[in-house]
Amino acid sequence: MTNYKILKKCGNAKRAEFQTVHGTVQTPLFMNVGTVGAIKGAVGTEDLEGIDTQVELSNTYHLSVRPGDKVIKELGGLHKFMNWSKPILTDSGGFQVFSLAKLRKIKEEGVTFNCHIDGHKIFMGPEESMQIQSNLASTIAMAFDECPPSKADDRYIKNSVERTTRWLERCKKEMARLNSLEDTINKEQLLFGINQGGVVDQIRIDHAKTISEMELDGYAVGGLAVGETHEEMYHILDVTVPHLPENKPTYLMGVGTPANILEGVDRGVDFFDCVYPSRNGRHGQLWTKYGKLNLKNARYQLDTRPIEEGCNCPACRRYTRAYIRHLLKAEEMLGMRLCVLHNLYFYNHMMEDIRNAIDAGNYQNFKKERIDMLNSGEVD
RNA sequence: GUGGGUAUGGCGCAGUUGGCUAGCGCGCCAGAUUGUGGCUCUGGAGGCCGUGGGUUCGAGUCCCACUAUCCACC
């Protein structure tokens with residue numbers, strides 16, 4: 001029995017429904033990134049309901065360091081801890097090993113690296129990552145992978161990808177074991193595998209075929225948006241996604257800009273996540289249908305319009321650009337919060353528009369129209 | 001009133017025995033940021049060096065006067 005049901009296709013764009021123990025979600029969707037169990041910028045789970053968040057994303061590595069996955073397990077799991085009942089996806093920690101550890105040693109068993117907070121030595125391999133994610137009791141666990149640098153040579157990437165495949169087998173085995181244990185909180189935790197291969201077509205394709213045979217709950221494309229061009233990224237999706245199972249959700253990790261998402265959907269992607277709306281929101285960079293604006297710019301000092309005309313987010317419903325700009329310049333928490341809420345609302349509602357366009361069988365026209373609007377530069 | 005100190009971009013300061021286009025931090029003005037260390041990075045604008053004289057080839061730097069300001073004492 002599959003928990004993933006395609007409702008409509010429009011070209012390669014898929015409109016689907018995905019059932020989980022924490023409820024059914026509508027795809028394509030954007031997951032709101034809350035690395036340490038909170039969306040940075042003083043955004044609580046009560047706020048997420050108000051901006052139509054479907055899935056919250058947290059991070060295995062960060063939560064294992066602080067407060068510790070065993071603490072969260074003792075408190076009943078991440079859902080209870082955060083008081084969030086909808087789906088949570090936990091990233092495996094593989095990317096953090098690549099992105100924030102200065103010193104790391106990758107071996108067959110796993111990776112040894114230094115903690116970013118106090119520098120102590122940490123070992124994480126597929127089994128450790130699955131155990132932590134099982135303790136967190138997220139809805140969806142991600143496989144522990146290696147995300148090689150975009151500048152790595154083909155030989156390195158090939159070896160890395162082969163090891164990632166072996167790690168995936170170990171993840172699957174460990175997940176099955178954990179889900180069968182008596183004291184496991186979420187015995188129906190799902191596992192998504194991750195495709196790698198840099199920007200090398202054949203490695204990507206071979207890897208996609210290999211992991212497709214492993215009967216996972218979903219498939220992610222990782223290792224993109226790490227320095228390659230947009231064209232390279234779109235090309236990799238063009239050649240890779242067709243080799244992933246169509247009857248399973250597809251997740252493009254860490255991507256991206258509104259335009260990236262519109263293009264990703266057109267290539268069959270269901271799930272997206274990105275720190276852009278939250279991180280850049282904290283720094284005053286806001287997304288609108290007509291492109292992005294930097295609210296810290298002096299020209300907004302006397303601007304009494306909302307961030308985006310017609311937007312119904314908590315920031316736009318009540319406050320002016322001038323006021324929010326002042327809050328940002330004064331480094332008031334409220335400024336960051338309002339900007340993050342606007343950006344997440346913008347992303348979540350763009351996804352809703354995308355779903356409606358696919359339902360209407362009009363996705364490609366919609367995409368072109370929206371990308372033209374984003375590039376129009378008519379923010380003001 | 002007396003003695004001493006200080007005066008350099010919006011603010012706080014560096015500027016060596018006088019020597020090229022006077023620097024730095026913060027702020028300001030912009031830009032970057034893609035499975036998040038509330039960051040970080042990259043550019044840019046802005047100064048007749050308190051005022052007036054003097055010494056010197058050359059003065060932010062030395063001398064004199066004035067003005068402002070701070071500290072101590074009366």
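Structure: see above.
Here is what the cut-offs are and how they apply
- Residues numbered from 1 in each chain as written.
- Chains lettered and ligands numbered in written order.
- Predicted model: local features only at pLDDT ≥ 70, side-chain atom pairs only at ≥ 80, totals over all residues.
- Heavy atoms only, no water.
- Near = heavy atom within 4 Å.
- Polar contact = N/O pair within 3.5 Å; in protein donor to acceptor, adjacent residues only side chain to side chain.
- Helix = DSSP H or I, 4+ residues; strand = E, 2+ residues; numbered from the N terminus.
- Nonpolar A, V, L, I, M, F, W, Y, C, P; charged D, E, K, R; others polar.
- Buried < 20%, exposed > 50% of the residue type's maximum accessible area, 1.4 Å probe, protein only.
- Pairing = 2+ DSSP bridges.
- Right-handed = clockwise from strand over helix to strand, strands pointing away.
- Core = buried A, V, L, I, M, F, W, Y, C linked by side-chain atoms within 4.5 Å.
- Domains from an automatic or database assignment.
- Contact = heavy atoms within 4.5 Å.
- Axes fitted to C-alpha atoms, helices over the stretch in contact; angles between N-to-C directions.

Some points on the protein's contact with RNA strand B
1) Next: By nearness alone, 45 residues border RNA strand B, and Gln 96, His 116, Val 275, Ser 278 and Lys 329 come closest of all.
2) Next: Taking all atoms of RNA strand B within 4 Å of the protein, the share assigned to sugar and phosphate is 54%.
3) Next: Separating a base oxygen of RNA strand B from a backbone N or O atom of Val 33 is a distance of 3.5 Å.
4) Next: The contact in question runs from a phosphate oxygen of RNA strand B to an N or O atom on the side chain of Arg 325, over 2.9 Å.
5) Next: If you list the elements that add at least two residues to the surface near RNA strand B, you get α5 (94-100), α11 (276-282), β16 (291-294), α13 (321-329) and α14 (333-359).
6) Next: Per element, the largest residue contribution to the surface near RNA strand B is five residues, and it comes from α11.
7) Next: Taken together, the residues of the surface near RNA strand B break down into 15 nonpolar, 20 polar and ten charged.

Some thoughts on the pairing of strand β11 (residues 190-195)
1) Next: β11 sits mainly inside the fold: six of its six residues count as buried.
2) Next: The side-chain alternation of β11 yields two buried faces, one formed by Leu 190, Phe 192 and Ile 194 and the other by Leu 191, Gly 193 and Asn 195.
3) Next: The pairing of strand β10 (residues 140-142) with β11 spans three bridges and is parallel. Its bridge partner being in β11, Ile 140 is matched across the sheet by Leu 190.
4) Next: Note that β11 and strand β12 (residues 218-221) share four bridges and pair parallel. Counterpart to Asn 195 in the pairing with β12 is Val 221.
5) Next: For the segment spanning β11, helix α8 (residues 201-212) and β12, crossover handedness is right-handed.

Some words on the nonpolar core
1) Next: If you look at the biggest cluster of nonpolar residues, it comprises 84 residues, and the most contacted ones within it are Ile 261, Val 265, Ile 354 and Tyr 363.
2) Next: Per-element accounting of this core gives the leading share, 13 residues, to α14.
3) Next: Per-domain counts for this core show at least three residues from each of domain 1 (4-274) and domain 2 (283-374).

Digging into the environment of Tyr 347
1) Next: For Tyr 347, the position within the fold is in helix α14.
2) Next: Taking the C-alpha atoms as reference points, Tyr 347 and Lys 289, separated by 58 residues in sequence, lie 10.0 Å from one another.
3) Next: In this view, Tyr 347 contacts Phe 30, Gly 256, Thr 257, Pro 258, Ile 261, Tyr 276, Pro 277 and Trp 287; residues no more than four positions away in its chain are not counted.
4) Next: Among the polar contacts listed, one links the side chain of Tyr 347 to the backbone oxygen of Gly 256, at a separation of 2.8 Å.

What about the sheet that holds strand β7 (residues 104-106)?
1) Next: Taken in spatial order, the three strands of this open sheet run β7-β8-β9, and their pairing is antiparallel. The strands lining the two open edges of the sheet, one partner per strand, are β7 and β9 (121-124). The sheet shows a mean angle of 15 degrees between the axes of neighbouring strands, taken without regard to direction.
2) Next: Two strands pair when backbone bridges link them, and strand β8 (residues 111-114) and β9 are joined in this way by four bridges, in the antiparallel orientation. Its bridge partner lying in β9, Thr 112 is registered against Phe 123.

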